[in-house]
Amino acid sequence: MTSSSLRPRLLALALAFLPLASLAADKVVTVAYPSDFQSLDPAIGYDLQNWPIEKMLFDGLLDYEVGTTKLAPRLATAMPKVSADGKTYTFTLRPGVKFQNGRELVADDVVYTLTRVLNPKTKSPGQSFYTSIAGSQAFIDGKAKAVSGLKAVGKYGVTIALDAPNAAFLNIMAMNFA
């Protein structure tokens, strides 16, 4: 399939999901797919069929405003503070965000999520996107038990330190893996 024939299909798929955002809680939507999902685990699912569904089920720190390339905070209260050297990103989580079981999202959950993507046992196809995080390679190689660049700061603060500035890092943080 060429990229020119793929674009209209992607647009149609995206447009098919736009009405879902405005449905009332008492409505039911049934969506059919030509094959089974690979995985609905955001650390694993990495194809055109899984991603739209993952976007409906899971939120990340950042995402794109609908129909644009503009990044916007989702689970974060605002866009992160970035250090002058471009290597440290500080996110603050929105308080009161709950998992389906009622437990509140906290900074340790973000650290866990990114560590899990980097963990070779997870076999995440997104692992390489996050190897710019300080200490990630030592963790992947089994030389460290934790990723030194991932820190929970209190209940709602998350600091991510990179080995070097990465102009694409915020876009990477908007991917389903994060």
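Bear in mind that the values here come from a model prediction, so they are computed numbers and not experimental data. (Residues numbered from 1 in each chain as written. Predicted model: local features only at pLDDT ≥ 70, side-chain atom pairs only at ≥ 80, totals over all residues. Heavy atoms only, no water.)

A.B. asks: Teacher, can you tell me more about the overall build of the protein here?
C.D. replies: Per the secondary structure count, the protein includes 5 helices and 6 strands. Each helix (α) and strand (β) of the protein, taken in turn from the N terminus, gives the series α-α-β-β-β-β-α-α-β-β-α. The buried share of the protein, reckoned over its 178 residues, is 35%. In the protein, once contacts between residues fewer than 6 apart in sequence are set aside, the share between residues at least 24 apart is 50%. Counting every atom, the protein has about 10,700 Å² of accessible surface; 58% of that belongs to carbon and sulfur. (Helix = DSSP H or I, 4+ residues; strand = E, 2+ residues; numbered from the N terminus. Buried < 20%, exposed > 50% of the residue type's maximum accessible area, 1.4 Å probe, protein only. Contact = heavy atoms within 4.5 Å. Areas by Shrake-Rupley, 256 points an atom, 1.4 Å probe, with all protein chains shown as cover.)

A.B. asks: Could you clarify how one ought to interpret unusual backbone geometry in this entry?
C.D. replies: With glycine set apart, most residues show a phi of negative sign, and most peptide bonds adopt trans. The backbone of Lys123 sits at a positive phi, close to 60°, despite the residue not being glycine. With respect to the secondary-structure elements, Lys123 resides in the loop between helix H3 (107–118) and helix H4 (136–140).

A.B. asks: Sorry if this is basic, but what is going on with the packing of aromatic side chains here?
C.D. replies: The way to describe two aromatic rings as a pair is by their centre distance and the angle between their planes. On inspection of all chains with the given rule, the structure shows 2 aromatic pairs. Aromatic side chains Tyr89 and Phe169 sit 4.8 Å apart centroid to centroid with 50° between the ring planes, which places their arrangement in the tilted category. Of this pair, Tyr89 sits in strand S4 (residues 88–92) while Phe169 sits in helix H5 (residues 169–173), and the two are 80 residues apart along the sequence. Neither residue differs from the other here; Tyr89 and Phe169 are each classed as buried. Considering the side-chain rings of Phe129 and Phe177, the 6.0 Å spacing of their centres and the 25° angle between planes classify their relative orientation as stacked. Separated by 48 residues along the polypeptide, Phe129 in the loop between H3 and H4 and Phe177 in the segment after H5 bring together distant segments of the chain. (Phe/Tyr/Trp six-rings, centres within 6.5 Å; stacked < 30°, edge-to-face > 60°.)

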